[in-house]
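Descriptive structure summary
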Amino acid sequence: MENASNGRKTPAKPPQQRIFGPNAAQISEDDASRLVGSIVEKGISEDPKARPLAPSSAPRLTALPFPVARHRSHGPHWAPVGSAGTAGGGDDDDEDSAEEEDMSDFDPVAAFANPVQRKDKRGLDFSAWREITENEKDSASIKVSKSMAGETRDEIMKDKVLGVLERSRKQCQSQIKSQGQSQSQKSSQIQVDTEKLRKTSTPHVTPSYLSSNMRSQQNSAMASGKEFESLESQIDAENRARLQGMSTDEIAEAQAEILDKINPAVIQALKKRGLDKLKKQRGFSSDTAAEGEVGNQQDNMKLASDAKGLSSSSSSLWDTWSGRVESVRELRFSLDGDVVESDVVQVPNSENVAQRDFLRTEGDPAAAGYTIKEAIALTRSVVPGQRTIALHLLASVLEKALQNICQNEVGENFKNNNLSRFIDWGAIWAYALGPEPELALTLRMSLDDNHNSVVLACAKVVQCIMSYDINESYFDILEKVATYSKDICTAPVFRSRPEIDTGFLQGGFWKYNAKTSNILPFDEDIVNGKAEGEHTIQDDVVVAGQDFVAGLVRMGILPRIRYLLETDPSTALEECIISILVAIARHSPTCANAIMKCQRLVQTVVDRLSSKNTMEVSPSRIKSVTLLKVLAQSDKKNCVDFVKSGVFLSATMNLCQSAPFLDQWVKLGRENCRLLSALMVQQLCFWKVCIQYGYCISSFSDFFPALCIWLNVPNFEKLIENNVLSEFASITEEAVLVLGALARRLPNFYSSAEASNKMSEVSAEYTEDWCWPHVSPMVDLALKWIAIKSNTYLCKLFEWKEGYKSNYLLDYLPTKSLLCVISAVLNMLSGVLERVMPEDVVNLPGGHVPWLPDIVPKIGLEIINNGCLSFPKTNDSEHGRGPLEAGSFMEYLSLLRHHGECEISIASVCCLHGLVQVVFSVDKLIKLSKSEINIPSSKSPNTSREATILSGGMITSSIIQFRNLLTTFVSLVASEWKLVQSIEMFGRGGPAPGVGYGWGAVGGGFWSKNVLLAQADAGLLIPLLEMFLVVSAKDLPTGEEMTFTTQLINSAFSACLIVGPRDGLLMDKALDILLQVPVLKYFDLCIRHFINLNKGSKPHRWEYKEEDYQLFSKILASHFRKRWLTKKKWKAADETKHAGKKRFKKGGDPLDTIHEDTDASNMMSQDLYCTSLTVEWAHQRLPLPMHWFLSPISATNCSKQANLLSGSNSPYQDLTDFLEVAKGGLFFLLGIEVMYSFLSTEIQSPVSSVPITWKLHSLSVILHDTMGVLEDEKSRDIYETLQEIYGRLLDQLRSSKSKQFLLDNSGKFSVETGDKPSVEFLSFQSDIHESYSTFIETLVEQFAAVSYGDVIYGRQVAIYLHRCVESPIRLAAWNTLSNGSVLELLPSMESCFANAEGYLEPLEDNESILEAYVKSWISGTLDRAATRRSIAFTLVLHHLSYFVFCNNIVEKSAFRNKLVKSLLRDYSRKKQHEGMVIDFIQYHKPGQGEDPRIHLTEVERRFAVLSQACEGNSSLLGDVEKLKLSFQKRTLTC
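Residues numbered from 1 in each chain as written. Predicted model: local features only at pLDDT ≥ 70, side-chain atom pairs only at ≥ 80, totals over all residues. Heavy atoms only, no water.

1. Let's talk about the overall build of the protein
- Per the secondary structure count, the protein includes 69 helices and six strands.
- Scored against the burial criterion, the 1534 residues of the protein give a buried share of 56%.
- On the protein, roughly 65,300 Å² of surface is accessible, and the fraction owed to carbon and sulfur atoms is 51%. (Helix = DSSP H or I, 4+ residues; strand = E, 2+ residues; numbered from the N terminus. Buried < 20%, exposed > 50% of the residue type's maximum accessible area, 1.4 Å probe, protein only. Areas by Shrake-Rupley, 256 points an atom, 1.4 Å probe, with all protein chains shown as cover.)

Okay, here's the thing in structure tokens:
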């Protein structure tokens, strides 16, 4: 392979073709660019007689909006022998001048060319080998050292390496004997190193030649805590890697040479050491072979550990994940993006530089494939073809990683077809986008390349990283879910840290990975007058490591994109560029604003869109319209600008043209129909966005003629014949969604003209309202789509016969497409009925509307006549069941919901949601009508039956079917909340800093279709609960009704854990359901029923009244909304300050506030003040954490939290509101806890799944500032009942944990070794906060200050001394209690709410805690605790007595003696402690017998132990004798 170097243009030297060697062979630029897959060494000639030319510098960039950093292509890859200054430092000027120097005097050193080393790496330091040799004590080693005294250092190193080779030979021989192989066969593995050492003049082996196998062994050894990084291991690994290419003759020659040079005694010593090492390696490999591996670097990493089976400690999770990501560093990939199976390839002639890859900066140049960092380094080659192929490799790896991430569920492992090892694609994606490879900087520089092929390849990599295709697929599905009117930003986010003000509860505000103030294009700094050096490239790299897209925007990608668009790019490049812009616009409002403010960028896109032929449709044109739509969604101002400047009309020009007939459209061909369909869908989406803001509504008269063909029911047979049904349905669906948006811009049907005029005056400029005269024809068109009975194709498509349930699987695509259309139709009809519904139903004159429009009964009749619902049969011989013989359309949709494919399930749920809303609205409007129902003329002869159903209510007539539907979705939602709760990792939406799906969560995380389906299920469940839950909770439920009501409430809690950032209104409705007065009464009934069943519980002698329930409902609803649904807002002063200083200084404008939807009944007022149709993940809290319902009792009465709860500046008012919220929270918590006690244990409820650690913690937080809740009789009883419930639960968990430990470790547990079962599952410090000990100190101080020995308060503090509490917290609690001298205030063991066994067992073995016990004894803080028989004294007696007298561990004897001496010395000084010491000696575990004193023989043994612990100290032995006499006197007295 010839070596090439790129030429460059300079003023003094005209452009030339590349010249190689003395023959001046010329290769054109196009020929060089085709050298794909071959590495051309810069400055190296294959001919040793040729004098190579100087390596050329990097190609000069034609546009430099972003300062390109110097990179490795600016200089040679190697330093010639004898040259100076090439590898040294120096400033930029020196480097530039060095580039221009003549390089023609270099000697041919091709055979010694080495890869560039970016950083110093540890080489082979043979000094360590000398130390190892000197430590050998045998005579053979001494002889060898003397024989080598006269040799040079190079020969010594050489011979010592040969010694290691001899050891390897001996190991191979032993393996040959055990495996029955011939020695000549196996010995063919051992000679390369000898040959290399003999042929080369230097013995040094560079670190870059280390094989991947050796590095794998090193990393895996570090993961297991063993040391395999010694010099012997390095040499051995390298030797084994080189043995593969040796022949039999070469091995025999090397063996002979080794035997001649090394003393046989040394060989035997090395052989013995090698065998020992081989045994260790075999044991280590056998342990790791059973585990799932991720390449060679993940020997000890299991991929399933990211979902389950990991330690609960967040640090352990993070360490495990970090190890997985770091292991990707050594993985190698082929050009197709696959992980290569073989790490090393055979190189026939390794001295031939043309066949060696010296462009690598790491690893073995002969290794197969590229690591990610090597591919990134290759993007800086001087050969355009090499840069292109490197970018293609990166694109292949990233695309494959993203596909595998999305195709797998949480906990699944990914396998390559050619590998038996696991491949962790999630870690690969996270590593590539992480800070180490600096991929963003590389791509930004590659985008400035002057070769179109490189720019196009770079754009494709950026498009893949931004997950454009899969994100757009998600947003396309989201557009079809009509319940969501807003899109969501894709920027990566993380949770804010828990604070004491909120009781350390998780679920804080989401924050952007990169601050919005840091997303600044580079050229804006110059405009604002900042010094150029104030922002460095390293700052950009740091931001890109936090947020990939934010880093690119900061690096000035937008001006570069504008330049590329202005230079008339190719079709492929233009499509990629527009895709990148769409992804950036979806990132965040800040990025969308940056696109709008980039000079000429949007105008350039619009100009290119307008210049194209209107009849020609290209993907770039479709994506351009998508870009305008996304920009309009991000900010209302952008939409206004597009409308005023004519951009909207220019982008939607096709909609004004007369539509072709269906026959003409079909004849265009499927591909043209697909493109036209996609363009029209995006244009209609753009129009819909403008309508939602209140603009372009008057365009309806212009666009409607062209939409008629799509709104009418077509000839399905013709569409199916030409395979264009899905394209036609897509246009129809979007057109109907536009009608739905228009319907929500209608004025209220019953509002007065004056109110309409006022609304028009409030409306902003250019906003409009739709007119009611347009509605009736649109409703008629929409009803044709749900007239299933009258359409043969629809009737056949949706047919389902009982006993043959697989029919619906036959026509998947038509079913999905038409379901989406019907869903849009039903939601459009629901929107119309919402505007017919009176705004103030309560204050209607007489409680009825004056008259009912005809469209209401017309919609009801179509639902009845077309079998959408099942009604009671009457005269079956005359009346059929509709087109579905065995069931209704609702039953069919319920069946489709269980379909395995996600999209069709989402479509069916949307249809059900629309159908339920329409039926509910029709029933409600008919009930509000005081006149008789006027049924329009119909061909149906069953008008009396239809009128009866409408009058009685469709829901009431089909109550069984609705209840079955409710039961179905109750079970679905109850099983889906776990999916959403398992996604969040380390407080982040995903482990990678990409966008949307690029967050890197397995299965797509929050962006997966499964989560979207779960949210759609929750969106349907909430209105169903509104219909049924109130009725079920009115009277005293018993039996099945009680179970059914409990399941409904449980499903509401489950729905609260599923809702996402778009679902604030849905969460608000769920709170209304859970906090309504009938539900609170139901909780009270459950509480009293529970107390009656549990005789040990304290009965409540009081009752709540109606006003108490109303107060609880009001104050809890206010708290939950402000705590979880309020967006983060800045104070006005701070906002002004930021805007005036930070924001203005950086040249950016502050983000507009996105108003939360708070009033569902006044949609018009929402739209008037809506400033954006996008929802940010940041600055809000959804999805909720599992323990969200604990917030009322987990808030401290700090000023910050008090202001959040009440908004009052009065401290007395704040305290009153705080206590009222706490009282309501206690009642609410007790109600749901006892309610779930009546639920089957098979149903895992969200409340029961919250760890008991959080529940006990919340009971402590409520006492953190005040014990006001214990001063109120009702709340005190509730608090005590909660303690009893959690005490029983703690005992159950402790028992199960202990049994599980004994079962798992039955073979390991031994009394002699002292191993104790670890049941410390109350991990307050690990699970709640690392500074939990500080919280304990504050709680104990409050307990000492205000409790006055209150038993309820005391036993809550005493729970932190339970043996299930982790040791650091137990120690902190004891030390704080002891230092405060309040141990005596703790209650007795019998008064605590947990079983005494939990405090006493397992025996304490923590030396720090035992020592703290003794210090408290000596200091005298236990004196009064002993008098009052506090639990503190009982714990000290129990654990010290058993540790001193029953501990037979030899290793603990010294510590035991230390404790005994301390106690005896204290006794000698304080005679009043005599009774305590005697109790200590004769202590036995409570409950072992009626007599509190143990047998005298046991006492004698214990005195002997004390005497032994004195270790001959006469004074201490005298104290022991005094204790004996005192004990004997007491015994005689008794």
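2. Remarks on the pattern of salt bridges
- For the structure shown, the criterion picks out 51 salt bridges.
- Among the salt bridges present, the one from Arg-608 reaches Glu-574, with a minimum N-O distance of 2.9 Å. One end of the pair, Arg-608, is in helix H25 (residues 601–611); the other, Glu-574, is in helix H23 (residues 571–587), and 34 residues separate them in sequence.
- For Arg-608, a relative accessible area of 16% translates into the label buried. (Salt bridge = Lys/Arg side-chain N within 4 Å of Asp/Glu carboxyl O.)

3. Topic: unusual backbone geometry
- Here the amide bond leading from Leu-1182 into Pro-1183 is cis, since omega sits at -5°, within 30 degrees of zero.
- Considering the arrangement of structural elements, one finds Pro-1183 in the loop between strand S6 (1174–1175) and helix H52 (1199–1206).
- Between Glu-1401 and Pro-1402 the backbone carries a cis peptide bond, its omega angle lying at -5°.
- Counting through the fold element by element, Pro-1402 comes out in the loop between helix H62 (1396–1400) and helix H63 (1407–1419).
- The phi angle at Glu-438 is positive, at roughly 55°, despite the residue not being glycine.
- Its place among the elements puts Glu-438 in the loop between helix H15 (425–433) and helix H16 (439–446).
- A relative accessible area of 28% places Glu-438 in the partly exposed class.
- A positive phi angle is found at Ser-1381, which is not glycine, with a value near 55°.
- With respect to the helices and strands, Ser-1381 occurs in the loop between helix H61 (1367–1379) and H62.

4. As for the packing of aromatic side chains
- Tallying each qualifying case throughout the model produces 52 aromatic pairs.
- With a centroid separation of 5.7 Å and an interplanar angle of 80°, the aromatic rings of Tyr-474 and Phe-475 are classed as edge-to-face.
- The class of Tyr-474 is buried, set by a relative accessible area of 4%.
- On the numbers, 5.3 Å between centres and 25° between planes, the contact of Phe-1112 with Phe-1227 is stacked. Residue Phe-1112 is found in helix H49 (residues 1106–1125), and its partner Phe-1227 is found in helix H53 (residues 1211–1237); the two are separated by 115 residues along the sequence.
- Chaining the aromatic ring pairs together yields one cluster made of Tyr-474, Phe-475, Trp-510, Tyr-997, Trp-999, Phe-1006, Trp-1007 and Trp-1177.
- Between the NZ or CZ atom of Arg-1181 and the centre of the ring of Phe-509, over which it lies, the distance is 3.9 Å.
- When the ring centre of Tyr-1467 is taken as origin, the NZ or CZ atom of Lys-1471, which lies over that ring, is 4.6 Å away. (Phe/Tyr/Trp six-rings, centres within 6.5 Å; stacked < 30°, edge-to-face > 60°. Lys NZ or Arg CZ within 6 Å of the ring centre and 35° of its normal.)

5. Digging into helix H59 (residues 1332–1346)
- The terminal C-alpha atoms of H59 lie 21 Å apart, and with 15 residues this matches the ideal 21 Å at 1.5 Å per residue to within 8%.
- Among the residues of H59, those classed as buried are Tyr-1332, Phe-1335, Ile-1336, Leu-1339, Val-1340, Gln-1342 and Phe-1343. Looking straight down H59, one finds that the buried residues subtend no more than 160° of arc, so they occupy a single side.
- The inward-facing, buried residues of H59 contact helix H55 (1252–1261), helix H58 (1324–1328), helix H60 (1351–1358) and H61.
- Just downstream of H59 lies Tyr-1348, where phi reads positive at about 55°. (Expected span 1.5 Å × (residues − 1). Arc of directions from axis to C-beta. Contact = heavy atoms within 4.5 Å.)

6. Some points on the environment of Pro-660
- Mapped onto the elements of the fold, Pro-660 is located in the loop between helix H29 (653–656) and helix H30 (662–666).
- Relative accessible area serves as the criterion here: at 31%, Pro-660 is assigned to the partly exposed category.
- Considering only alpha carbons, one finds Pro-660 and Ala-706, 46 residues apart in sequence, at a separation of 8.3 Å.
- With residues up to four places along the chain from it excluded, the contact list for Pro-660 reads Trp-665 and Ile-709.

7. Considering the side chain of Asp-1277
- When you line up the elements, Asp-1277 lands in helix H57 (residues 1273–1304).
- What makes Asp-1277 buried here is its relative accessible area of 6%.
- A distance of 2.8 Å separates the side chain of Asp-1277 from the side chain of Trp-1102, its partner in a polar contact.
- In this structure, Asp-1277 is in contact with Lys-1098, His-1100 and Trp-1102, ignoring residues within four places of it in sequence. (Polar contact = N/O pair within 3.5 Å; in protein donor to acceptor, adjacent residues only side chain to side chain.)

8. Observations regarding the packing of helix H14 (residues 384–407) against H15
- With their axes 8 Å apart at the nearest point, H14 and H15 run at an angle of 135° to one another. Compared by their axis directions, H14 and H15 come out oblique. Here H14 runs over H15; the crossing is left-handed. Every residue of H15 that contacts H14 at Val-397, Leu-398, Lys-400, Ala-401, Leu-402, Asn-404 and Ile-405 is listed here: Trp-425, Gly-426, Ile-428, Trp-429, Ala-432 and Leu-433. (Axes fitted to C-alpha atoms, helices over the stretch in contact; angles between N-to-C directions. Parallel < 35°, antiparallel > 145°, perpendicular 65-115°, else oblique. Left-handed = near helix turned anticlockwise from the far one by under 90°.)

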